[in-house]
Every structure is written in C-alpha cells, then in structure tokens.
Amino acid sequence: MKRIASQPKSGFRKDLGIAFRSSWESNIARYFNYLKIPWIYEQYEFEFKTIKRGNRYYKPDFYLPRTDNLVEVKGFMNSASKTKLRRFKKYYPEEAKKLQFVIYDPCSRSVENGKVMKFLMDDLKIKFVDIISYKEIKDKLGKLIPNWE
C-alpha cells in the first residue's frame with residue numbers, strides 16, 4: 001500500500017512554543033502564522049454527556065478566533081474519528097457548522113479519499129469549500145514557510 005503522508009511526529013515544536021500531535025498539525029499552525037491568521041491549538045473540548053462509554057469527548061485541533069471557526073486536521077479517518085465527529089454534529093450542531101477540515105488531497109481519485117470525502121460531505125454535510133488541501137498548501141508554500149516539516 002502506498003503512503004501519501006509521512007508518519008505522524010508528535011512533540012514540542014521550538015519555533016511554535018508548544019507540542020503538537022503531528023507534523024501536519026504543526027505545519028498548519030505555521031501556515032496560519034505565515035498568513036497572519038490568529039489560532040489557538042486545542043482550545044475547546046466538547047463532552048458528550050449522555051454517552052457513558054466509548055468516545056465521550058471531541059477536541060478540534062484549532063480555533064480561529066478572527067473567524068470563529070474550528071479546524072480539524074485529518075491525516076486518516078478511522079471509525080473512532082467518525083464516531084466523535086458524528087456525535088459532535090449531533091450534540092453541538094451550531095458549533096459543528098463552524099468546522100473546517102484539512103485532509104491530504106480532497107481532489108484525489110483514490111478509493112480511500114473517496115470514502116473520506118463521502119463521509120465529510122454526505123454524513124457531516126461539510127461543504128467542499130470547507131475542506132482544505134494539505135497537499136496544495138505543502139506544494140505551494142511548504143518551501144517558503146520556515147521550519148516546515
């Protein structure tokens with residue numbers, strides 16, 4: 001199986017002053033800095049109070065205070081991720097409307113990408129314009145943004 005992304009690399013990023021769960025997340029923070037977009041990492045945690053076991057919390061990766069948007073960076077979409085996102089939409093419908101996604105390549109013709117896009121657009125009702133291409137950012141700006149991983 002061909003991998004299109006590097007392995008996640010969690011840890012402290014000296015240039016950003018905080019720890020991230022993956023290199024993608026840290027690169028998106030750098031991208032926001034490059035564009036002078038204020039961001040807060042993992043600002044909110046949403047609890048699903050009626051759920052007694054399994055995925056009881058969801059924490060979006062970024063909050064963008066200027067636009068009041070939430071951003072989720074997804075290198076892969078497993079069943080736990082889908083459950084959290086479905087619950088978020090159900091229990092916090094107004095907040096879910098503010099959610100944008102960064103995925104590797106929304107325009108890829110791979111079967112896996114098709115499944116992710118179907119889930120985002122059909123199940124969660126995310127608009128295509130609210131799905132950001134990590135590949136496009138990397139290809140266009142990765143060499144210009146300091147410390148890009």
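Small disclaimer: the values here were computed from a predicted structure and weren't measured.

A. Broad picture of the overall build of the protein chain. Of regular secondary structure, the protein chain possesses five helices and nine strands. Its helices and strands taken in sequence order, the protein chain reads β-β-α-β-β-β-β-β-α-α-β-α-β-α from the N to the C terminus. Since a compact globule built from 149 residues should have a radius of gyration of about 15 Å, the 15 Å found for the protein chain is in line with a globular shape. On the principal axes, the C-alpha backbone points of the protein chain span a range of 45 × 35 × 25 Å.

B. Just helix α2 (residues 79–91), in detail. With 13 residues, α2 should cover 18 Å at 1.5 Å per step; its first-to-last C-alpha distance of 18 Å lies within 8% of that length. When α2 is considered as a whole, its buried residues turn out to be S81, L85 and F88. Taken end-on, α2 shows its buried residues confined to a sector of 60°, consistent with a single buried face. Across from the buried face of α2, at angles greater than 90 degrees, the exposed residues are S79 and K90. Buried residues in α2 make contact with β4 (46–47), β5 (57–58), β7 (69–73), α3 (93–96), β8 (99–103) and α4 (111–123). Sitting at the amino-terminal end of α2 is N78, which places a side-chain oxygen 3.3 Å from the backbone nitrogen of A80.

C. Inspection of the packing of aromatic side chains at higher detail. What the rule picks out here adds up to 18 aromatic pairs. Relative to F62, the ring of F20 has its centre 6.4 Å away and its plane inclined at 35°; by these criteria the two rings are tilted. Highlighted residues: F20 in strand β2 (residues 18–20) and F62 in strand β6 (residues 62–64), separated in sequence by 42 residues. The buried category is assigned to F20, whose relative accessible area is 3%. The buried category is assigned to F62, whose relative accessible area is 1%. An aromatic cluster is built from Y44, F46, F48, Y58, Y63, F88, Y91 and Y92, whose rings are joined through pairwise contacts.

D. Region of interest: a nonpolar patch on the surface. On the surface, Y34, L35 and L144 cluster together into a nonpolar patch covering about 280 Å² of accessible area. If you trace the backbone, Y34 turns up in helix α1 (residues 23–34). On the accessibility criterion, Y34 (36% relative accessible area) is partly exposed.

E. Expanded view of α4. Here α4 contains 13 residues, and its C-alpha end-to-end distance of 17 Å stays within 8% of the 18 Å for a straight helix at 1.5 Å per residue. Among the residues of α4, N113, V116, M117, F119 and L120 are the ones counted as buried. In a view along the axis of α4, the buried residues occupy a sector of 155°, so they form one face of it. Those residues of α4 that are exposed and angled more than 90 degrees off the buried face are V111 and K118. With its phi angle positive at about 60°, K125 sits one or two positions after the end of α4.

F. Region of the structure containing the environment of Y31. Tracing the backbone shows Y31 in helix α1. Measuring from C-alpha to C-alpha, the distance between Y31 and K135 comes to 12 Å, with 104 residues separating the pair along the chain. Y31 has contacts with I137, L141, I145 and W148, leaving out every residue within four places of it along the chain.

G. The arrangement of unusual backbone geometry in detail. Phi angles above zero are rare outside glycine, and K36 is one such case at about 60°. Mapped onto the secondary structure, K36 falls in the loop between α1 and β3 (40–41). Look at K36 and you get exposed, because its relative accessible area is 63%. In this structure, D68 is a non-glycine residue whose phi angle is positive, near 60°.

Basis of the calculations
- Residues numbered from 1 in each chain as written.
- Predicted model: local features only at pLDDT ≥ 70, side-chain atom pairs only at ≥ 80, totals over all residues.
- Heavy atoms only, no water.
- Helix = DSSP H or I, 4+ residues; strand = E, 2+ residues; numbered from the N terminus.
- Rg over C-alpha atoms; globule rule 2.2 N^0.38 Å.
- Expected span 1.5 Å × (residues − 1).
- Buried < 20%, exposed > 50% of the residue type's maximum accessible area, 1.4 Å probe, protein only.
- Arc of directions from axis to C-beta.
- Contact = heavy atoms within 4.5 Å.
- Polar contact = N/O pair within 3.5 Å; in protein donor to acceptor, adjacent residues only side chain to side chain.
- Phe/Tyr/Trp six-rings, centres within 6.5 Å; stacked < 30°, edge-to-face > 60°.
- Patch = residues over 30% accessible without salt bridge, like charges linked within 9 Å, V, L, I, M, F, W, Y side chains within 5 Å.
- Areas by Shrake-Rupley, 256 points an atom, 1.4 Å probe, with all protein chains shown as cover.
- Salt bridge = Lys/Arg side-chain N within 4 Å of Asp/Glu carboxyl O.

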